[in-house]
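Read off the chains here:
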Amino acid sequence: MCGIVGYVGLRDTLGIVVSGLHRLEYRGYDSAGIALCVPGKRQISVVKTPGKISDLETLIAAKLVSDADRTAPIGIGHTRWATHGLPNEANAHPHLSMNGEIAVVHNGIVENYAAIKQRLTQQGYKFSSDTDTEVIAHLIQECYQGDLRSAVATALKKLEGTYGIAVVSSRHPDTLVAARKGSPIAVGICEDETLVASDISAIVNYTKQVIFLDDGDLLTAKAGDVDITSSKNVPVTRPPTFVDWDVGQIEKGGYEHFMLKEIHEQPQAISYAIRGRLLPDEGTTKLSGMQMDPREMARIDRISIAACGTSFYAGMVGKYYFEDFASIPTEIEQAAEFRYRNPIIQRDTCMLAISQSGETADTLAAVREAKRKGSMVLGICNVVGSTIARESGRGVYLHAGPEIGVASTKAFTCQVAVLAMMAIAFGRTRRLSTSDGAEMVKAISRLPDIARRTLEQEDAIRRVAEKYADCEDFFYIGRGYMFPAALEGALKLKEISYIHAEGYHAAELKHGPIALLQKEVPVVATVADIAGKEKTLSNMQECRARSAPVIAIATEGDDSVNAVSEEVIRVPKCPDFLSPVPVVIAEQIFAYHMARLRGCPIDQPRNLAKSVTVE
Ligand code: M6R
């Protein structure tokens, strides 16, 4: 979704802002722009365009020809994912105040923009876009009395909705003002320059010392100097967080796409996710971020999981873990449903909020609702310092490294690994024995190798994809631990290849969807060698009886699938509870090659954003 980057300092402002925009491309966008304040020039220089950052660069080369423009000491940039108004030049950010002296970039939604726009229009303000954001620029102009920070603070009081904003003014070419309410802003701390971004990927190659703004914070940034005040106008002193990412992790490293790179990173990502957390001798795990002693864990009598998309499917696997290993009744709900349904939270309920980005609006709202109802919340996030991680207060980081591809891959397998470790820890405060716990912990320690061996199947999986790349409809089926794996496989295929794909419990096919099966509609049957497999084999027979080709994802050496499948993709054998990991990796590879064969823009699928920060 939308992305913000800003810079104050003496280096190549334009180059730094544009390179930041490139780093934000993965989030999904449809237009982009930059604004630069050139000392001595009243009108801020703005260049914006629909399309890609490369289109913006072409326009910049044509429009910003003076050295003064190119060496401006302050600049902001934005990638826009349209909400109010078409993705065209007028609606792209930055937006200027009517006098051209104030430029604003904004993530979020101003809910009362129509009323503000009407009032300002009556006062003679002219609007040049259909966006909600433009009202912010005009409001700041209206409130300006010589001090940019106060003008922004006064203007923000009139807004309802959510925002992460960065503001510059030609009257203050050394000052960038930023603020946050519901949409993230991070500040990069350097000795003699300051960077601002909605996503640390945009700035992590300049600094690893980052301060995350809280809701209500207002930042005044000068080169190498930051001043933050809270919503109560009290100065905030917050130590920077060290971001443990290196730049190589946010580059493709020789792979054609981030998605493929991240698929291949899974052995290492899983090993980071489990490192130092397995205690085989005690048959348990140690997840310090949970900050729970065994007595507190033993008191939890219900778990409620909230998540969206791929994280939701990982959560489904987690539900099975908590019920199987710890006998704790566990429910899982789409976060959007949780927040509006008035869920029942009892005293000893623990909520797990699962989110790779830690910024998904619905999951964040579910966290807040659970906290309001007095629930303990544990965040399971990948992005360190993200809003869900901070607001949950406690939880477990995945340590999977940055996930850039819009299609979530390594986050899923690491979420599954973390959920298994959590459930074992809870189980050990109940009936899970030392020896059973030790077996499970040892199995988890072998997971990176299972992932590595699954990746060795890539060529074979690509050959299957080559046969089916022209199909327009797919079904994915599975039961038990394979049910969430089937749902995740269908999501992966549809989001990057645009093939219609539906995931179903294998037993549900007969209750309706089977009517759609025919020879052009392949069925991917996830049929790892686990309990319930025999029943799935019967369901595969039923599919073939309707002429649908069956592609089995099955365990090495399991010949029972051969007679009921057109194709068999092999994955390494592992204990039942870990089988979603190799099966989903195989599905990721299949989806990737299907999309590649169809010429789809894999890392930035149409209409999708990496983190969904609006409802
Ligand atoms: O960052 P989150 O894990 O909260 O994101 C949740 C979903 O938006 C995300 O998993 C989405 O479904 C992906 N595109 C799936 O590949």
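Residues numbered from 1 in each chain as written. Predicted model: local features only at pLDDT ≥ 70, side-chain atom pairs only at ≥ 80, totals over all residues. Heavy atoms only, no water.

A closer look at the overall build of the chain
Then comes step 1: Looking only at helices and strands, the chain features 20 helices and 26 strands.
Then comes step 2: The C-alpha radius of gyration computed for the chain amounts to 26 Å, which stays within 12% of the reference 25 Å derived for 615 residues, consistent with globular compactness.
Then comes step 3: Considered along the principal axes of its C-alpha atoms, the chain spans approximately 75 × 55 × 40 Å.
Then comes step 4: Here the chain, with 615 residues, has 61% of them falling under the buried criterion.
Then comes step 5: With the model as given, the accessible surface of the chain reaches about 22,800 Å², and the carbon-plus-sulfur share is 49%.
Then comes step 6: Computed over 67 positive and 75 negative side-chain charges, the inter-centroid distance for the chain is 3 Å. (Helix = DSSP H or I, 4+ residues; strand = E, 2+ residues; numbered from the N terminus. Rg over C-alpha atoms; globule rule 2.2 N^0.38 Å. Buried < 20%, exposed > 50% of the residue type's maximum accessible area, 1.4 Å probe, protein only. Areas by Shrake-Rupley, 256 points an atom, 1.4 Å probe, with all protein chains shown as cover. Lys, Arg positive; Asp, Glu negative; His and termini not counted. Charge placed at Lys NZ, Arg CZ, Asp CG, Glu CD.)

Topic: the domain arrangement of the chain
Then comes step 1: On domain assignment, one finds that the chain holds domain 1 (3-250), domain 2 (258-445) and domain 3 (457-597).
Then comes step 2: Inter-centroid distance (C-alpha atoms) of domain 1 to domain 2 is 34 Å.
Then comes step 3: In this complex, domain 1 contributes 13 residues to the contact, which on the side of domain 2 involves 13 residues.
Then comes step 4: When the shortest N-O distance is used, the salt bridge between Asp214 and Arg390 registers 2.5 Å.
Then comes step 5: The interface formed by domain 1 and domain 2 includes three residue pairs in polar contact (both at pLDDT 80 or more). (Domains from an automatic or database assignment. Contact = heavy atoms within 4.5 Å. Salt bridge = Lys/Arg side-chain N within 4 Å of Asp/Glu carboxyl O. Polar contact = N/O pair within 3.5 Å; in protein donor to acceptor, adjacent residues only side chain to side chain.)

Section: the packing of aromatic side chains
Then comes step 1: One pass over the structure, following the stated rule, counts 10 aromatic pairs.
Then comes step 2: Summarising the aromatic geometry, the rings of Tyr321 and Phe325 are spaced 5.1 Å apart at their centres and angled 20 degrees between planes, so their arrangement reads as stacked. Of this pair, Tyr321 and Phe325 both sit in helix H10 (residues 309-326), four residues apart, which is roughly one turn of the helix. The two residues Tyr321 and Phe325 agree in class, both being buried.
Then comes step 3: Pairwise contacts between aromatic rings join Tyr320, Tyr321, Phe325, Tyr481 and Phe577 into one cluster.
Then comes step 4: Of note, Arg606 hangs over the ring of Tyr498, and the distance from its end group to the ring centre comes to 3.8 Å. (Phe/Tyr/Trp six-rings, centres within 6.5 Å; stacked < 30°, edge-to-face > 60°. Lys NZ or Arg CZ within 6 Å of the ring centre and 35° of its normal.)

Observations concerning the environment of Ser327
Then comes step 1: Checked against the element boundaries, Ser327 lands in the loop between H10 and strand S18 (330-334).
Then comes step 2: As for Ser327 and Leu537, which are separated by 210 residues in sequence, their C-alpha atoms are 29 Å apart.

Description of the site of the ligand
Then comes step 1: Neighbouring the ligand are 13 residues, the closest being Ser311, Ser355, Ser357, Thr360 and Glu495.
Then comes step 2: Taking Thr310, its main chain carries an N or O atom lying 3.0 Å from an oxygen atom of the ligand.
Then comes step 3: Interatomic distance of 2.7 Å between a side-chain N/O atom of Ser357 and an oxygen atom of the ligand.
Then comes step 4: Here the ligand, which alone exposes 410 Å², has 91% of that area covered by the protein.
Then comes step 5: When residues of the shell around the ligand are traced back to their parent elements, those giving at least two are H10 and helix H18 (482-497).
Then comes step 6: By residue number, the principal contributor to the shell around the ligand is H10, which donates three residues.
Then comes step 7: Considering only residue class, the shell around the ligand consists of three nonpolar, eight polar and two charged. (Near = heavy atom within 4 Å. Nonpolar A, V, L, I, M, F, W, Y, C, P; charged D, E, K, R; others polar.)

Considerations on the sheet that holds strand S25 (residues 550-555)
Then comes step 1: Across the sheet, five strands lie side by side as S23-S22-S24-S25-S26; this open sheet has parallel pairing. Every other strand in the sheet has two partners, leaving strand S23 (500-505) and strand S26 (567-571) as the edge strands with one partner each. Averaged over neighbouring strand pairs, the angle between their axes works out to 20 degrees when direction is ignored.
Then comes step 2: Of the strand pairs in this sheet, strand S22 (residues 473-478) and strand S24 (residues 523-526) are connected by three bridges, and their pairing is parallel. Across the sheet, the residue bridging to Ile477 is Ala525, located in S24. (Pairing = 2+ DSSP bridges. Axes fitted to C-alpha atoms, helices over the stretch in contact; angles between N-to-C directions.)

Considerations on unusual backbone geometry
Then comes step 1: Residues His93 and Pro94 are joined by a peptide bond in cis, for which omega reads 0 degrees.
Then comes step 2: Tracing the chain through its elements places Pro94 in the loop between strand S4 (74-80) and strand S5 (95-96).
Then comes step 3: Despite not being glycine, Ser327 has its phi angle at roughly 50 degrees, a positive value.
Then comes step 4: According to the relative accessible area criterion, Ser327 is exposed, its value standing at 58%.

Digging into the sheet that holds strand S19 (residues 349-355)
What links the strands of a sheet is backbone hydrogen bonding, and the strands pair in either a parallel or an antiparallel sense.
Then comes step 1: One open sheet accounts for five strands, arranged S18-S17-S19-S20-S21; its pairing is parallel. Only two strands of the sheet have a single partner each, and these edge strands are S18 and strand S21 (394-397). This sheet shows a mean twist of 20 degrees between the axes of neighbouring strands, independent of strand direction.
Then comes step 2: Sheet topology note: the S19/strand S20 (residues 376-381) ladder contains six bridges and is parallel. Looking across to S20, one finds that Met351 is bridged to Val377.
Then comes step 3: Along the sheet, H10 contacts strand S17 (302-307), S18 and S19; its crossing angle with S18, the most-contacted strand, is approximately 170 degrees.
Then comes step 4: Across the sheet, helix H12 (residues 361-372) touches S17, S19 and S20, and the angle it forms with S19 is around 165 degrees.

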